Amino acid sequence: MSYITKEEAPIGVFDSGFGGLTVAKALREELPHENIIFFGDSGRCPYGPREPEEVKKFSLQICRWLASLNCKLIVIACNTATAAGLAACQLEVDVPVIGVIMPGARAAVEATRSRKVGVIATIGTIASGAYLKAIRSLDCGVQVLSLPTPGLVQLVEDELIQEYIEALDVRQARVMDELAPMIGGDIDTLVLGCTHYPLLYTEIKSCFTDDVELVNSSEETAREVREILTRRHELYQEDLPGKLTFVTSGVDTELRNRIASRIMGFEIKDVQFKSFDEEE
Ligand code: DGL
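The rules we used
Residues numbered from 1 in each chain as written. Predicted model: local features only at pLDDT ≥ 70, side-chain atom pairs only at ≥ 80, totals over all residues. Heavy atoms only, no water. Helix = DSSP H or I, 4+ residues; strand = E, 2+ residues; numbered from the N terminus. Polar contact = N/O pair within 3.5 Å; in protein donor to acceptor, adjacent residues only side chain to side chain. Phe/Tyr/Trp six-rings, centres within 6.5 Å; stacked < 30°, edge-to-face > 60°. Buried < 20%, exposed > 50% of the residue type's maximum accessible area, 1.4 Å probe, protein only. Lys NZ or Arg CZ within 6 Å of the ring centre and 35° of its normal. Pairing = 2+ DSSP bridges.

(A) Structural context of the side chain of Ser261. Within the secondary structure, Ser261 sits in helix α11 (residues 253–264). In terms of polar contacts, Ser261 uses its side chain to reach the backbone amide nitrogen of Ile268, at 2.9 Å.

(B) Representation of the packing of aromatic side chains within the structure. Evaluation of the coordinates by the stated rule reveals four aromatic pairs. Aromatic side chains Phe39 and Trp65 sit 5.6 Å apart centroid to centroid with 70° between the ring planes, which places their arrangement in the edge-to-face category. Of the two residues, Phe39 is situated in strand β2 (residues 36–40) and Trp65 in helix α2 (residues 52–68); the sequence distance between them amounts to 26 residues. Residues Phe39 and Trp65 agree in their burial class; the two are buried. Counting every residue linked through ring pairs, the aromatic cluster contains Phe39, Trp65 and Phe276. A cation sits over an aromatic face here: Arg44 above Phe58, 3.7 Å from the ring centre.

(C) Expanded view of the sheet that holds strand β3 (residues 73–76). Taken together, the six strands give an open sheet; going across it, the order is β4-β3-β1-β2-β9-β10, and neighbouring strands pair in parallel fashion. Both outer strands of the open sheet, β4 (97–98) and β10 (272–273), are each paired with one neighbouring strand and no more. As paired strands, β2 and strand β9 (residues 244–248) are joined by five bridges and run parallel to one another. By the bridge assignment for β9, Phe38 is matched with Phe246.

What follows is the structure, encoded as structure tokens:
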């Protein structure tokens, strides 16, 4: 991959798996002319239950690699990796690195009227307290109700990987079960603090009354990327669709093409393979 100018250089996006494609998709919609390289670490997914030090190490490996491909900006499209590795990645490479937690927190603070916000995420993200800190850094008066919901990651993974689609009512019941401690609370805004959760938007939405707004940090993150590139005069000006490159550490070719196509909404036939297993 050779990119000549900074404007032409790609935006690097990575996630523990394919859930982060929800961020790549939002970026594609916001900035259709940008070249994007997406890496999904499916071979080592999930990150949620892993120790923060290990997630930080994985994030650094991927971030260094994306920087070596001349990415002009890197998005950590994974909440767990953002919580464990954002600061280390920012210290490591000389291009801007952003995560998905601050954009999601900002959207939640702007949306809430009751100033009572719910956050659902992996065990790792909730344990890090990263959303609580981000929300409080914007508005100390907002109350945050946090709930780890690893079962929702499992549900999405089961459906994506095994192509085993639960009957609608069974799927809804699994979502409701997982969200039970949050349902009926007096939050008016719920942050989908995991990149897998937008894939369950309808099921999550129907667990709450209409006045509860769901915040999906993908769109907010895409807007933040636009702002940064605009300020740095690094938006690609060419009027052609940008090139999309998909890379994963997952080994099954058929499967990786199928999952990527399903989330992006168009056919992808050439997801490439890359492993970091031998690297420190
Ligand atoms: N991508 C992760 C996140 O947004 C969820 C999946 C995982 O546990 O790796 O937190």
